[in-house]
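Structural description and commentary
Below, each chain spelled out in residue letters.
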Amino acid sequence: MSRDTQAQGSNAKTRVSEGWWFALRMALVYLLRDWRSGELRVIALSLVIAVSAVSAVNFYTDRVERAMERQATSLLGGDVLVRRSRPLPNTIIEQARDEGLSATQLVQFPSVVLSEEEETQLVAVKAVGDGYPQRGALKIRDAFDLPPYTAQDIPEPGTVWVESRLLGLLDIEIGDQIYLGDRQFKTSALIDIEPDRGGFLFQLAPRVMLNLADLDSTGLVTEASRASYRVQFAGSAEAVDQFRNIIDSDTSGELDDVRIEDVRTGRPELRIALDRQGQFLGLVSIVCVLLAGAAVAVSAQGFAARQADASAVMRTFGATRQTVFRVTLARVALIAVCASVLGVVLGALVHSALVSYLARDMNFDIPAPGVVPAVFGLLTGMICLIGFALPSVLNVAKVPVLRVLRHELALPSVSGWLSIALAFTALCLLMVWQAGDVFLAMVIVLGVVAIVVMIGLIAVFTLWVLRYARIGIRPGWRFGASSLLRRPRNVVLQMTSFCVGMMALLLVAIVGGDILDAWRDEIPPDAPNYFAFNIQAQELDTARRVIGDVSSGDNLFYPMVRGRMIEINGEAVVASDYPDGSQAYRLLNRDYNMSFASEMRDDYVLEQGQWWAQDQIDEPLISIESSIATTYDLEIGDKVAFRIAGQRVEASIANVRVVDWNTFRPNFYVLGTPGWLAQQSPTYITSFKTGPDVDVTRELVKAMPGVTVIDLNALIDRIRGLIDAVSAAVEYVMMFTLLAGAVVLVATVQASRADRMRESALLKAVGANSGKLYQSLITEFTLLGAIAGLVAATVAGSVGWAVSRYLFELQYIPGAGLLLTGLFLGALGIGGCGYLVTRGVINQSPLQLLNDR
Amino acid sequence: MPDSDDIILKAADVTRRVNSPNGDLTILDSVGLTIRKGEAVAIVGPSGSGKSTLLGILAGLDNVTEGEVWLDGLSLSSASEDDRSRLRAGRVGFVFQSFHLLPGLTALENVALPLELANEANPRARANSMLAEVGLAERVDHYPNQLSGGEQQRVALARAFAIEPSVLFADEPTGNLDKSTGDQVADAMFELRRQRNTTLVLVTHDPNLANRCDTVMRMEAGKMAAEAA
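Read on for an overview of the structure. (Residues numbered from 1 in each chain as written. Chains lettered and ligands numbered in written order. Predicted model: local features only at pLDDT ≥ 70, side-chain atom pairs only at ≥ 80, totals over all residues. Heavy atoms only, no water.)

Some thoughts on the overall build of chain A
Formally: The secondary structure listing takes helices from DSSP runs of H or I that are at least 4 residues long and strands from runs of E that are at least 2 residues long, numbered from the N terminus. Partly exposed describes any residue whose relative accessible area lies between the buried limit of under 20% and the exposed limit of over 50%, with all areas from a 1.4 Å probe on protein chains only and scaled to the type maximum. Throughout, a contact is declared for two residues whenever any of their heavy atoms are within 4.5 Å. Per-residue accessibility takes into account occlusion by the displayed protein chains alone, with areas from the Shrake-Rupley method and a 1.4 Å probe.
Assigned secondary structure in chain A consists of 24 helices and 22 strands. Counting over 853 residues, chain A shows a buried share of 50%. Long-range pairs, those at least 24 residues apart, make up 82% of the contacts in chain A between residues at least 6 apart in sequence. For chain A, the accessible surface area stands at approximately 38,800 Å², while carbon and sulfur atoms represent 57% of it.

Shown next, in the form of structure tokens:
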């Protein structure tokens, strides 16, 4: 401002309204009218779809994540489990309590119990302190015939809770006395589910649980005994972190032998699968945001163009550029906030449908929805708006004020670089946030950008071909083809968006369906639902009879011997040579089940070597599972020694076998020849299928007290539930993606509506009849849809092939059916949709159209 | 600087050139004028003579290439676009040939807009009484597309006068209306300015309308050709 102006401007009669409050007030005034305006409605619709998709996925993954964490803490019995071969110093436990953690001490060791009839049995003793378990629920029953319930307390002093099979093994009843060390205990309850039993399902010795206060009086635990000490801690995440710091920062060396486990270190496979699913869904939902963003960008540009006059008038009456910018932004943002809130609500509704699969089929205890996904949904709406609409909104303020006198002065064109930079930043931000991993996010952003650019280039190439191909075709069709050529930027955007949307649909509907079916088929309908093991050789006939009564089919019994590998080619192998926690480490650190067989089972596939011939079945030969062979670098002919029941036995590797672990049949890492293993007094294992609602456990345990029965029904239901949940979630999210693609169609058609109206009016004025104009419209959109569908089918087929080949290891060959489906789906869907959106243009009279201009 | 406190608008040696494919094109060539407070001035001339450009420059909508313009004692020539906007707020009213009502706002909201922009008190009450003054008390909640051309221009008049402007700029205010409606709008405009003693700068082709002004200035090929009282 000049000095004159400044000096006199201070005496100006008014002060201009430039603040955000004014902008917000104006936005509220405009709200209802804006809602009725086409462009803002498309922006709102796009944001509703994007925010719904993102919120549904995040609500879902957040709840599943927390459910899994709950389940994991239940497996540990606390938020943190500390293990040690001697007691944890009381000072440490006190420090943990000071941090706000509650603690329960446990001592576990093997021992022998004696009944009053002087029967003995090896048992796994667990002495538990008050508050056990800190997380999860211990289920007990008062008698075999009574239903289980959650224990509210630990065994009273002087009493023990025992696993049901101990009663059979000792031939005693609940209420009878047993002797453990120097003490006598009364058996007062049966243990039904012990949450933190973990991987000891196959342990031979049945559980005896007593009160920690009774432990000393048994006289069983001395400094020399093989007891394992554990402390379960529970509390807030901060308190847990503080406690870890205390252990980690110990420099005295006193705590070096302490092992800490929490939900992060002990992740079950199911959790990893669900995590991946969540990550995948999250990333797909961002593709949906990208499409919605394209629709937002197109509509925002149309909105900005329509605001040019209003902007010039406002500035004429004294509004600064900043005021105009703020008012425009506030108008768009207000609509966006409303749309985002609606999106979050819709997302919450959709996610509850997804969660119901998990809750129903997987018997998951799903926590209530959190606030974070809602906040993330709202922020996604805002980021999408800023990333895709801001350049146009900024532009509104740049309208030359002189437009009020000279209408030909238009909006300056939006900066392409600014648009791309903002959209790219928004996309990256959302991806990183969703993936939680910068590298992964960048790889996917680049992948998405590459696919979008590739489809864009195909669209450009198609237009180039069309330019020459349209010559010589009928006029109505030629108009349609020419219409595509007149708006190349729009058409490339439309085609790219439809392609991405249709690709998502085709991937789910055709390719995804096949993959999910293949996965579902991994659990055959005749999959066994029970495992029974610890069957003694002399009980085989009884077992065959009892199981035969409830189950049809040929139930095979596999001999089972427990052992662990100790030497390879004469050299000792020890767990500490391998990374802590790796498969190689774990398999050297515990006994596992081995079996023997003379004939090869039909589902085995030999990777190397030959199955032993009948004349070799007495030789010391073994068959090794292929992952074990890889882990320890084993080859045919290598000599491997095992310790079985305290004895060293050695055999040569005859073959390497691929095992399908999903068959629900007993499988073994190591199979030996009968001659080599049969003398190791095996027990037997079998799997079988019963009809629904047949509880075979009781019959089996009654007939063979020492047998352990595992009911797989719950596990099978869980896996089927997981597959259903994954399919449903993927279908929902992909459906959102397709919807977002459709909104891009509406947005781009809307953007060209004014031009189309003028063209239609002119064509009608010079004598074109409605029939020709309809033909032109239908040709334009059908052609666009057919090309987009064909490209989408090609890309979907390729992606589907790659995913099934490399990720699922399934055979999938995209056929001509896929291409034809894409072609017709695109032509019909987009042709019909485009026709519906634009037919109003043709129905109006030329005079009305020209006057409207 | 203007010579006297009585002068509301002054232009000295105003030249406006624009780039064209055939080189620089001079639209205004050393135009000078002085308008006193309360004076009604008509600028007439054939199409392309530069009268609308002059109106735009006098109102601060466009900038000069050379020369200087003062509005209400404040220099427009060297002010930025936003500063010129601030200067117009609450000081300048406009009436356009194509009405330029904001389609998303009701008649009342359109009239209240400049009051709100100028941070005036009770904008809605004042807008209401202004609409009553132009005979549209019953139409306050109508949107522009629900009003006839004459009604729209009367809303535009109400909007222009609501802020009690020092100067009203009118660009062919009756150009889009039939004769009878145009006369009614012109009557309303001249009556409102008379009551408020508002300075009027009117660009028109209509000699009858021009003759209702105190002064008629004629533009020819970017120059001020004559001035008749």
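Quick word on the overall build of chain B
For chain B, the helix and strand inventory stands at seven helices and ten strands. Across the 229 residues that make up chain B, the buried fraction comes to 59%. Within chain B, contacts between residues separated by at least 24 positions form 68% of all contacts whose residues are at least 6 apart in sequence. Put simply, chain B shows about 8,800 Å² of open surface, and 43% of that area lies on carbon and sulfur atoms.

Considerations on the interface of chain A and chain B
Many structure descriptions define interface size as the accessible area lost when the parts assemble. Quick note on the threshold: Buried area, as used here, totals the accessible surface that two parts lose on assembly, with accessibility defined by a 1.4 Å probe and the loss added over both. Any Lys or Arg side-chain nitrogen located within 4 Å of an Asp or Glu carboxyl oxygen qualifies as a salt bridge. N or O atoms within 3.5 Å of each other form a polar contact, as long as, within protein, one can give a hydrogen and the other can take it, and as long as residues adjacent in sequence are counted only when both atoms are side-chain atoms. Nonpolar residues are Ala, Val, Leu, Ile, Met, Phe, Trp, Tyr, Cys and Pro. Charged residues are Asp, Glu, Lys and Arg, and all others, Gly as well, are polar.
At the interface, 36 residues of chain A touch 44 residues of chain B. At the boundary of chain A with chain B, total buried surface from both sides reaches about 3,700 Å², with 58% on carbon and sulfur atoms. At the surface where chain A touches chain B, the tally comes to two salt bridges. Residues E81 of chain B and R321 of chain A are paired through a salt bridge, measuring 3.3 Å at the closest nitrogen-oxygen approach. Put simply, chain A and chain B have seven residue pairs in polar contact (both at pLDDT 80 or more) between them. Mapped onto the side of chain A that touches chain B, the elements with two or more residues apiece are α1 (3-9), α2 (20-36), α9 (308-316) and α10 (321-361) of chain A. Partitioned by chemical class, the residues of the side of chain A that touches chain B number 16 nonpolar, ten polar and ten charged.

Description of the nonpolar core
Short version of the rule: Buried Ala, Val, Leu, Ile, Met, Phe, Trp, Tyr and Cys residues form a nonpolar core when they are joined through side-chain atoms within 4.5 Å.
Counting 146 residues, the largest nonpolar core has L58, F169 and V201 of chain B as its most contacted members. Top element by residues in this core is helix α8 (residues 269-306) of chain A. It accounts for 13 residues. Filtering out sequence-adjacent residues up to four positions away, F169 of chain B remains in contact with L9, L55, L58, A59, V92, G93, F94, V95 and V201 of chain B. Of all hydrophobic cores here, the second largest spans 41 residues; its members include A40, M130, A160 and L192 of chain B.

Thoughts on the pattern of salt bridges
For the structure shown, the criterion picks out 24 salt bridges over all chains. A salt bridge links E120 of chain B to R126 of chain B; the shortest N-O distance between them is 3.0 Å. The partner of K179 of chain B in a salt bridge is D183 of chain B, and the shortest N-O contact between them spans 2.7 Å. Here K179 of chain B pairs with D183 of chain B, and both are found in helix α6 (residues 179-196), just four residues apart, close to one helical turn. Among the residues examined, D183 of chain B registers a relative accessible area of 34% and is labelled partly exposed. Several salt bridges converge on common partners, so that one network encompasses K126, E194 and R207 of chain A.

So, empty space enclosed by the protein
Residues and elements named next belong to chain A. To be explicit about the condition: Put simply, the grid is 1 Å and covers the protein atoms alone, a cavity is a trapped set of points that fit a 1.4 Å probe, a pocket is an open set with protein on both sides within 12 Å along at least five of seven lines, and lining residues have an atom within 4 Å of a point. Grid points are joined across faces, edges and corners, and a volume is the space filled by probe spheres set on the points.
Taken as a whole and assessed by the stated rule, the structure comprises three cavities of 30 Å³ or more. Around the largest cavity, the lining residues are Q307, A310, S311, M314, V324, V327, T328, R331 and V396. Within the residue set of the lining of the largest cavity, elements represented by two or more residues are α9 and α10. Among the elements that line the lining of the largest cavity, the one with the most residues is α10, at four residues. Its residues assigned to classes, the lining of the largest cavity comprises five nonpolar, three polar and one charged.

A look at the sheet that holds strand β4 (residues 66-71) of chain B
All names here are of chain B. Note the following rule: Following DSSP output, two strands are said to pair if at least two bridges run between them. All axes are obtained by fitting lines to C-alpha atoms, using only the stretch in contact for helices, and the reported angles, taken between N-to-C directions, cover 0 to 180 degrees.
Overall, antiparallel pairing links the four strands, which are arranged β2-β1-β4-β5 in an open sheet. Both outer strands of the open sheet, β2 (23-36) and β5 (74-75), are each paired with one neighbouring strand and no more. In this sheet, β2 lies alongside strand β1 (residues 7-20) in antiparallel orientation, the contact comprising ten bridges. Residue pairing in the sheet places S20 in a bridge with G23 of β2. Most of the contacts of helix α1 (residues 51-58) go to β2, to which it runs at about 60 degrees, and overall it touches β1, β2 and β4.

Focus: the pairing of strand β8 (residues 183-193) of chain A
Look at any regular strand and the pattern is simple: side chains alternate between the two faces of the sheet. Residues and elements named next belong to chain A. Taken together, the three bridges between strand β4 (residues 139-141) and β8 define a ladder with antiparallel strand orientation. Directly across from R141, in β8, lies its bridge partner L190. Looking at chain direction, strand β7 (residues 177-180) and β8 are connected through four bridges and run antiparallel. Residue L180 lies in a different strand from β8, and its bridge partner there is R183. Here β7 folds back onto β8, and the loop between the two strands holds two residues, one of which, G181, carries a positive phi near 60 degrees.

Focus: a nonpolar patch on the surface
Under the convention used in this document: Patch membership requires over 30% relative accessible area and the absence of a salt bridge. Like charges are linked within 9 Å, and nonpolar side chains (Val, Leu, Ile, Met, Phe, Trp, Tyr) within 5 Å.
Together, V337, V341, L342, V345, L346, L349 and L378 of chain A make up an exposed nonpolar region whose accessible area comes to about 560 Å². Counting through the fold element by element, L349 of chain A comes out in helix α10.

A short note on unusual backbone geometry
In the segment running from Y132 of chain A into P133 of chain A, the intervening peptide bond is cis, with an omega of -15 degrees. Of note, P133 of chain A is situated in the loop between β3 (120-128) and β4. Here the phi dihedral of S30 of chain B falls at roughly 45 degrees; this positive angle occurs in a residue that is not glycine. Along the chain, S30 of chain B falls in strand β2.

Focus: helix α13 (residues 438-469) of chain A
Under the convention used in this document: An expected span of 1.5 Å times one less than the residue number is assigned to each helix.
With 32 residues, α13 of chain A ought to run about 46 Å at 1.5 Å a step, and its terminal C-alpha atoms sit 46 Å apart, in line with that. Taken as a whole, α13 of chain A has its buried residues at A441, V445, V448, I455, G456, A459, T462, L463 and L466 of chain A.

Section: the packing of aromatic side chains
We describe a pair of aromatic rings using the distance from one ring centre to the other and the angle between the two ring planes. Defined as follows: Each aromatic pair joins two rings of Phe, Tyr and Trp (for Trp, the six-membered one) with centres within 6.5 Å, and gets the label stacked for planes under 30 degrees apart, edge-to-face for over 60, and tilted for any other angle.
The full count for this structure, using the stated rule, is 13 aromatic pairs over all chains. The interplanar angle of 85 degrees and the centroid separation of 5.5 Å between the aromatic rings of Y578 of chain A and Y632 of chain A together place this pair among those described as edge-to-face. One end of the pair, Y578 of chain A, is in the loop between β14 (571-572) and α17 (583-589); the other, Y632 of chain A, is in the loop between α18 (626-631) and β18 (639-644), and 54 residues separate them in sequence. Plain terms: the ring middles of W611 of chain A and W612 of chain A are 4.5 Å apart, the flat faces sit at 35 degrees to each other, and that makes the pair tilted. Taking relative accessible area as the criterion, W611 of chain A reaches 15% and is therefore assigned buried. You can call W612 of chain A buried: its relative accessible area is 4%. Grouping aromatic residues by their ring pairs yields a cluster made of F317 of chain A together with F94, F96 and F169 of chain B.

Considering the side chain of S52 of chain A
Residues and elements named next belong to chain A. As for its placement among the helices and strands, S52 is situated in helix α3 (residues 38-76). A polar atom in the side chain of S52 sits 2.5 Å from the backbone oxygen of V48. Beyond its immediate stretch of four places on either side in the chain, S52 contacts L47, G343, L346, G347 and F736.

A look at the environment of L55 of chain B
Residue and element names in this part refer to chain B. Note that L55 resides in helix α1. Accessibility expressed as a relative area gives 1% for L55, which makes it buried. Put simply, L55 and I43 are twelve residues apart on the chain and 8.5 Å apart in space, counted from C-alpha to C-alpha.

Quick word on the pairing of β3 of chain A
Residues and elements named next belong to chain A. A large share of β3 lies buried, amounting to seven of its nine residues. The sheet contact formed by strand β2 (residues 102-115) and β3 spans nine bridges and is antiparallel. Residue pairing across strands places S111 opposite V123, the latter belonging to β3. Once β2 ends, the chain turns through four residues before running back antiparallel as β3, passing E118 with a positive phi of about 65 degrees. Relative to strand β9 (residues 207-211), β3 is paired through five bridges, and the arrangement is parallel. Opposite V128, over in β9, you have N211 as the bridge partner.

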